[in-house]
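Survey of secondary and tertiary structure
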Amino acid sequence: MAIAYVQEFEIKDGDTSTTNYDAVNAALDLQGAPDGLLIHTAGFDLDAGVFRIFDVWETREHGERFINDRLNPIIEPMVAAAAENPDANFDPPSREAWYELHDSISS
C-alpha cells in the first residue's frame, strides 16, 4: 500500500507567501514526477493555520531517497543562509509524518 508524507509549516503573522516553497521548487527543477511519487500537493489550510505539503509515494524508501538525495541538498544551504539573515524566515516544519494509507483511489 502507498505511503503518505505530510509536512506542515505554521503560518506566522498572517504571512501566506509561498516564497520559500517556490524557491525550493525552482531549485529542484523537476521535469516530471520523481521515481515513486504518486501525487504531490501543497497549499494553505487557513483553518488549521498551516501551509501543508502532502505527498503520496509508492514506498517510504522512494520518498526518503528523494528527500535525502534531492531535497535536503537544496534546503540545507537555504536554511544556513536564512540563519545568518535576521530578516529571513526559513523555519522547519511544525509537523512532519509518514503513514501507511489504508486506501486510495485515483482516476
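As a starting point, this report considers the structure included with it. Per-chain numbering applies: the sequence of each chain, read as written, is numbered from 1 onward. pLDDT decides what is reported in this predicted model: residues at 70 or higher carry local features, side-chain atom pairs at 80 or more are listed and counted, and totals for whole chains, interfaces and linings draw on all residues regardless. Water and hydrogen atoms play no part in the side-chain values, which are based on all heavy atoms of the structure.

A few points about the overall build of the protein
The helix and strand inventory of the protein stands at two helices and four strands. Tracing the protein from N to C terminus, the helices and strands come up as β-α-β-β-α-β. The C-alpha extent of the protein, read off along each of the three principal axes, is 45 × 30 × 20 Å. Counting across all 107 residues of the protein, residues that qualify as buried make up 26%. Expressed as a percentage of contacts within the protein between residues at least 6 apart in sequence, the contacts between residues at least 24 apart total 73%. Computed with the Shrake-Rupley method and a 1.4 Å probe, the accessible areas treat only the protein chains shown as cover for residues. Counting only carbon and sulfur atoms, one obtains 49% of the accessible surface of the protein, whose full area is about 7200 Å². Positive charges come from Lys and Arg alone, negative charges from Asp and Glu alone, with His and the N- and C-terminal ends not counted. For charged residues, the charge sits on one atom: NZ in Lys, CZ in Arg, CG in Asp, CD in Glu. Looking at the protein, you have 6 positive and 21 negative side-chain charges, and the mean spots of the two groups are 4 Å apart. The way it works is that DSSP assigns letters per residue, a run of H or I at least four long becomes a helix, a run of E at least two long becomes a strand, and they are numbered from the N terminus. Only protein chains enter the accessibility calculation, which uses a 1.4 Å probe; a residue whose area is less than 20% of its type maximum is buried, one above 50% is exposed, and one in between is partly exposed. The contact criterion used is simple: two residues touch if any of their non-hydrogen atoms lie within 4.5 Å.

Describing the nonpolar core
A general feature of soluble globular proteins is that nonpolar side chains tend to end up buried together. Tyr5, Val24, Leu28, Leu37, Trp57, Phe66, Ile67, Leu71, Ile74, Ala82 and Phe90 form the largest nonpolar core, which has eleven residues in total. Looking at this core, the elements with two or more residues in it are helix H1 (19–28) and helix H2 (60–83). No other element matches H2, which puts five residues into this core. Each residue touching Ile67, except ones within four places of it in the same chain, is listed here: Tyr5, Asn72, Pro73 and Trp98. Only buried residues count toward a nonpolar core, which is a set of Ala, Val, Leu, Ile, Met, Phe, Trp, Tyr and Cys residues joined through side-chain atoms within 4.5 Å.

Observations regarding the packing of H1 against H2
To obtain each axis, a line is fitted to C-alpha atoms, and for helices this fit is confined to the stretch in contact; angles are then taken between N-to-C directions over 0 to 180 degrees. Between H1 and H2, the shortest axis-to-axis distance is 10 Å and the interhelical angle comes to 125 degrees. Relative to H2, H1 is oriented oblique. The two elements H1 and H2 cross, and the hand of that crossing is right-handed. Across from Ala23, Val24, Ala27 and Leu28 in H1, the residues of H2 making contact are Phe66, Arg70, Leu71, Ile74, Ile75 and Met78. Working rule for angles: under 35 degrees goes down as roughly parallel, over 145 as roughly antiparallel, 65 to 115 as roughly perpendicular, anything else as oblique. Crossing chirality is assigned from the near helix's rotation relative to the far helix, an anticlockwise turn below a right angle marking it left-handed and a clockwise turn marking it right-handed.

As for the pattern of salt bridges
When a carboxyl oxygen of Asp or Glu lies within 4 Å of a side-chain nitrogen of Lys or Arg, that pair is called a salt bridge. Taken as a whole, this structure holds six salt bridges when the rule is applied. We note a salt bridge from Arg65 to Asp35, for which the minimum N-O separation is 4.0 Å. In this pair, Arg65 sits in helix H2 while Asp35 sits in the loop between H1 and strand S2 (37–45), placing the two residues 30 residues apart along the sequence. A residue is classified by how much of its surface remains accessible, and Asp35, at 58% relative accessible area, is exposed.

Thoughts on the side chain of Glu8
Its place among the elements puts Glu8 in strand S1 (residues 3–10). Residues within four places of Glu8 in sequence aside, it is in contact with Val50, Phe51, Arg52, Pro93, Ser94 and Arg95.

Here we look at the sheet that holds S2
Pairing between strands requires that DSSP locate at least two bridges from one strand to the other. The four strands lie next to each other as S2-S3-S1-S4, forming an open sheet whose pairing is antiparallel. Edge positions in the sheet fall to S2 and strand S4 (95–100), since each has one partner strand and no second. If you compare each strand with its neighbour and ignore which way they point, the axes differ by 10 degrees on average. Note: S2 against strand S3 (residues 50–57), eight bridges, orientation antiparallel. Pairing of Ile39 across the sheet is with Val56, part of S3. Contacts from H2 reach S1, S3 and S4, with the element oriented near 150 degrees to S4.

Geometric values such as these leave the question of function open.
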